[in-house]
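Tertiary structure, described
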Amino acid sequence: MDAASLDRLNEELARTAFQKKVVTKRPSAEVLESATSFFRERGYKSGPTGRPGHVFVMGAGEGGLPRVTAEIAARPDVGKPGSTLVTIDGAGERLGPLLAEFAASLRQRRTPAAESK
């Protein structure tokens, strides 16, 4: 791969990257299960990685990327007990917006509980 190709690849990664953190009251195992099913339903391979509390998302090429990947990590009891910190990191023409959609779904699920207090 020449320098120009590598530059184009890096530009595409930067353009389609999605990195966010979300705090939720849902248990980490539930977050990871929902992430796996969310992305499988949308045509991506998804499942646990070799590290506890992490799932991978992989797909075919999108845009200028030959393959797209993402990682979702859930750490329980971060900050207040019962809170789960979810870290979402990935890139792709179609995958990036889906990662944003998943993050928004985590935020939507926490909002009604906060309003009922």
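The shown structure was predicted, so the numbers you read here are calculated from the model rather than taken from an experiment. (Residues numbered from 1 in each chain as written. Predicted model: local features only at pLDDT ≥ 70, side-chain atom pairs only at ≥ 80, totals over all residues. Heavy atoms only, no water.)

**Examining the environment of Ser34**
How we decide: In this text, helices come from DSSP runs of H or I with a minimum length of four residues, and strands from runs of E with a minimum of two, each type numbered from the N-terminal end. When accessible area is computed with a 1.4 Å probe and restricted to protein chains, residues below 20% of their type maximum are described as buried, those above 50% as exposed, and intermediate ones as partly exposed. Polar contact criterion, stated in full: a pair of N or O atoms within 3.5 Å, where within protein one must be able to donate a hydrogen and the other to accept it, and residues adjacent in sequence count only if both atoms are side-chain atoms.
As for its placement among the helices and strands, Ser34 is situated in helix α2 (residues 28-41). For Ser34, a relative accessible area of 15% corresponds to the buried category. Put simply, Ser34 and Phe102 are 68 residues apart on the chain and 9.2 Å apart in space, counted from C-alpha to C-alpha. Only 2.9 Å separates the side chain of Ser34 from the backbone oxygen of Val31, close enough to count as a polar contact.

**A few points about the packing of aromatic side chains**
Formally: Any two of the Phe, Tyr and Trp rings considered here, Trp counted by its six-membered ring, make a pair once their centres fall within 6.5 Å; the pair's planes then place it as stacked at under 30 degrees, edge-to-face at over 60, or tilted in between. Definition used: whenever NZ (Lys) or CZ (Arg) falls within 6 Å of the ring centre and also within 35 degrees of the ring normal, the charge is taken to sit over that ring.
This model, assessed by the stated rule, comprises four aromatic pairs. Between Phe38 and Phe39, the ring centres sit 4.9 Å apart and the planes meet at 75°, which makes this aromatic pair edge-to-face. Per residue, the accessibility class of Phe38 equals that of Phe39, and both read buried. Taking 5.4 Å as the distance between ring centres and 55° as the angle between the ring planes, the aromatic pair formed by Phe38 and Phe102 counts as tilted. Placement of the pair is Phe38 in helix α2 and Phe102 in helix α3 (residues 95-115), with a sequence separation of 64 residues. Note on accessibility: Phe38 and Phe102 belong to one class, buried. Directly above the ring of Phe38 sits Arg42, whose terminal nitrogen or CZ lies 3.6 Å from the centroid.

**Quick look at the nonpolar core**
We apply this condition: Only buried Ala, Val, Leu, Ile, Met, Phe, Trp, Tyr and Cys residues count toward a nonpolar core, and they belong to the same one when joined by side-chain atoms within 4.5 Å. Two residues qualify as a contact provided that any one of their heavy atoms is within 4.5 Å of a heavy atom in the partner residue.
With 24 residues, the main nonpolar core has Phe39, Ile72, Ile88, Leu95 and Phe102 as its most contacted residues. Of all the secondary structure elements, the ones that give two or more residues to this core are β1 (17-24), α2, β3 (54-62), β4 (65-76), β5 (84-91) and α3. Excluding residues that lie within four positions of it along the chain, Phe102 makes contacts with Val31, Ser34, Ala35, Phe38, Phe39, Ile72 and Ile88.

**So, α2**
Because an α-helix completes one turn every 3.6 residues, residues spaced three or four positions apart along the sequence face the same direction. Quick reminder of the rule: Any helix carries an expected span of 1.5 Å times its number of residues minus one.
Between the first and last C-alpha of α2 there are 20 Å, a value that for 14 residues agrees with the 20 Å anticipated at 1.5 Å per step. Residues of α2 that are buried include every one of Ser28, Val31, Leu32, Ser34, Ala35, Thr36, Phe38 and Phe39, and no others. Positive backbone phi, at 95°, marks Gly43, one or two positions downstream of α2.

**So, the pattern of salt bridges**
What counts, and what does not: When a carboxyl oxygen of Asp or Glu is within 4 Å of a side-chain nitrogen of Lys or Arg, the pair counts as a salt bridge.
Taken as a whole and judged by the stated rule, the model has six salt bridges. When the shortest N-O distance is used, the salt bridge between Glu93 and Arg15 registers 2.3 Å. Remark: Arg15 occurs in helix α1 (residues 3-16) and Glu93 occurs in the loop between β5 and α3; sequence separation between them is 78 residues. When its relative accessible area of 41% is taken as the criterion, Glu93 is described as partly exposed. Arg15 sits in the exposed class, given a relative accessible area of 52%. Put simply, Arg42 and Glu101 hold a salt bridge, and the shortest N to O gap is 3.6 Å. Here Arg42 is found in the loop between α2 and β2 (45-48), whereas its partner Glu101 is found in helix α3, with 59 residues between them in sequence.

**Comments concerning the side chain of Ser28**
Position of Ser28 relative to the elements: it lies in helix α2. Among all residues touching Ser28, those that are not within four sequence positions of it are Ala74, Pro76 and Thr84.

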